[in-house]
Amino acid sequence: MQPKKSDRQRSFLCPDLLDQLDPRNHLLGLAKVIPWQVFEDNFRPLYAASGRPGKPVRLMVGLLILKQLENLSDERVVEAWVQNPYFQAFCGQQRFTWKLPCDPSELTYFRRRIGEDGVRKIFEVSVTLHGDRAKEAEVVVDSTVQEKNITFPTDAKLLTKIVTRCHTMAKLEDVKLRRSYQREIKSLLRTIRFKSKGRRQGESQRAIRRLRTIAGILVRELKRKLSQEALTIHQQALDLYDRVQRQQRSDSGKIYSLHEPGVSCISKGKAHKKYEFGAKASVTVTKTSGIIVGALSFQDNPFDGHTLPAVLSQVESIVGQRPTMAICDRGYRGKHKIGVTSIEIPESGNRTKTASDKRQARERFRRRAAIEPIIGHLKNDHRMLRNYLKGQVGDSVNLFMACAAFNFRKFIRILYFLCLKFLGHILRPNVQPGQACA
């Protein structure tokens, strides 16, 4: 059912929560400028007309923003909401309460309810807060990898999981397997663990091949013995197990995780981490102000240059104008112009440019490097280092929310700068420009 609007009257005995808090707090300043009614208007049609009333939209959106701002999990942000009165005021609470605002799982259901389009609306609001500062003619584009929450994939790990899941499926459907292979699998795993190096590594390779054979035997046996109804339920999982069991080292489009089959293996040329398993994410930042105006998640590891048309179209739809120049690194080589947008890439040995053009190019590409620490902040401060949300939609949701949190944090710093400047002008009105500060 649609959430009820808060119509609580002021109490003569208990003061409102806002009257007890510091009005200079950054969360209160941010809450005043966020257009909460936009979320109400966009998300209210997603609720049914009857049934139990849902949680207030401002509460759920506020919890999602706080989760990314403070780098907290769903469980931790709900617990911190009870302890922090500024969190409660940010979410529109009028009285300080000791109850949990919602069950942590309700944040998952809310993300599913609003979907990728709803989370993109939150990101768009974070961009529009900055006004004309987000409408720059030149932008910087770069790509990174948003890693999934999976372990490093190996054949032994995947095959062992297939065997375990086949045993669980057989027990659930009351199917008696001809042989469980449990003792043999235990011996094979011991061989793989302790004989994978040195002269006896051949034994480890033979153990992996035998483990692959056992996994195939169990999958085929389940396909034969399951009832037609059970086979319909588990057909997709069995096909996935069969595909993983058959894939070879040189195959393309391999499966690296059973619970996240859409994960890609991406190499970005890092010395400390040769391969990353997740989804490619493109981030677009304004050249001067450093505001994130575009964020897109891609599957199947496309070439960076092929992602530029979609990236520029998204920036145009959010900001309202198409950039005239996109500054990229050499990973985007091969593209020089897309529509009205010229693509600038560092070039070495080009002697046709004048000294002035070369100086401008150096300044431009030095500014391009500013996107690298921005991506670092997204990963380390706003939960993009490891994505815990499921599926391809989870990749887009986590990316949008991380970029929105970065823009909100940047706006908070602007508020602090303006407040300090305004207070300094009031407290010291007689200080002339150029005078030394006491």
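Conventions and cut-offs
- What you see as residue numbers is a count from 1 along each chain, following the sequence as written.
- In keeping with the predicted nature of the model, local features appear solely for residues at pLDDT of at least 70, side-chain atom pairs appear and are counted solely at 80 or more, and the whole-chain, interface and lining totals rest on all residues.
- Note that the side-chain values use all heavy atoms of the structure and ignore hydrogens as well as water.
- Two rings from Phe, Tyr or Trp (for Trp, the six-membered ring) form a pair when their centres are within 6.5 Å of each other. A pair whose planes differ by under 30 degrees is stacked, one over 60 is edge-to-face, and the rest are tilted.
- Runs of E in the DSSP output that reach at least two residues are strands. Runs of H or I that reach at least four are helices, and both are numbered from the N terminus.
- The buried label applies to any residue whose accessible area, calculated with a 1.4 Å probe on protein chains only, is under 20% of its type's maximum; exposed applies above 50%, and partly exposed to all values in between.
- Whether a charge lies above a ring is judged from NZ of Lys or CZ of Arg, which has to be within 6 Å of the ring centre and within 35 degrees of the ring normal.
- The directions considered for the arc are those from the helix axis to the C-beta atoms.
- By the convention used here, residues are in contact when the closest approach between their heavy atoms is within 4.5 Å.
- Only a pair of cysteine sulfur atoms within 2.5 Å qualifies as a disulfide here.
- Salt bridges are identified by distance alone: a Lys or Arg side-chain nitrogen within 4 Å of an Asp or Glu carboxyl oxygen.

Asks: Just give me the short version of the packing of aromatic side chains, but keep the residues and values in it.
Replies: Taken as a whole and assessed by the stated rule, the structure comprises eight aromatic pairs. Ring centres of Phe 39 and Phe 43 lie 6.1 Å apart, and the angle between their planes is 15 degrees; on these two criteria the pair is classed as stacked. One end of the pair, Phe 39, and the other, Phe 43, are both in helix 3 (residues 36-43), four residues apart, so they sit about a helical turn from each other. Taking the relative accessible area as the measure of exposure, Phe 39 reaches 1% and is therefore buried. Grouping aromatic residues by their ring pairs yields a cluster made of Trp 36, Phe 39, Phe 43, Phe 90 and Phe 110. Geometry around Tyr 47 places Arg 113 over its ring, the cationic atom sitting 4.2 Å from the centre.

Asks: Describe helix 3, naming the residues involved and giving the relevant values.
Replies: Within helix 3, burial applies to Trp 36, Phe 39, Glu 40 and Phe 43. Taken down its axis, helix 3 places every buried residue within 100 degrees of arc, on the same side. Looking at the buried positions of helix 3, the neighbouring elements they touch are helix 2 (26-33), helix 4 (57-69), helix 6 (85-90) and helix 7 (104-128).

Asks: Just give me the short version of the environment of Gly 118, but keep the residues and values in it.
Replies: With respect to the secondary-structure elements, Gly 118 resides in helix 7. Its relative accessible area of 4% is what places Gly 118 among the buried residues. Taking the C-alpha atoms as reference points, Gly 118 and Phe 43, separated by 75 residues in sequence, lie 7.4 Å from one another.

Asks: If you had to explain unusual backbone geometry to someone new, which residues and values would you point to?
Replies: Glycine aside, the phi torsion of most residues is negative, and most peptide linkages are trans. Its identity as a non-glycine residue notwithstanding, Asp 300 has a phi of 65 degrees, on the positive side. Along the chain, the position of Asp 300 falls in the loop between strand 4 (292-298) and helix 12 (308-319). Using a relative accessible area of 67% as the deciding quantity, one classes Asp 300 as exposed. One non-glycine residue, Asn 301, adopts positive backbone phi at about 55 degrees. When you line up the elements, Asn 301 lands in the loop between strand 4 and helix 12.

Asks: Go over the state of the cysteines with me, naming the residues and quoting the values.
Replies: In this structure the tally under the stated criterion is zero disulfides. A disulfide-free cysteine, Cys 403 has its sulfur positioned 16 Å from the sulfur of Cys 328, the nearest such atom.

Asks: Before we move on, can you summarise the pattern of salt bridges with the specific residues and values?
Replies: Tallying each qualifying case throughout the model produces 28 salt bridges. One salt bridge connects Arg 120 with Glu 124, and the closest N-O pair in it is separated by 2.9 Å. You can see Arg 120 and its partner Glu 124 sitting in helix 7, four residues apart, about one turn around the helix. Assessed through its relative accessible area of 24%, Arg 120 is described here as partly exposed. Classification of Glu 124 as buried rests on a relative accessible area of 18%. Within the structure, one salt-bridge network assembled from shared partners comprises Lys 67, Asp 74 and Arg 111.

No statement about biological role is implied by the geometric values presented.
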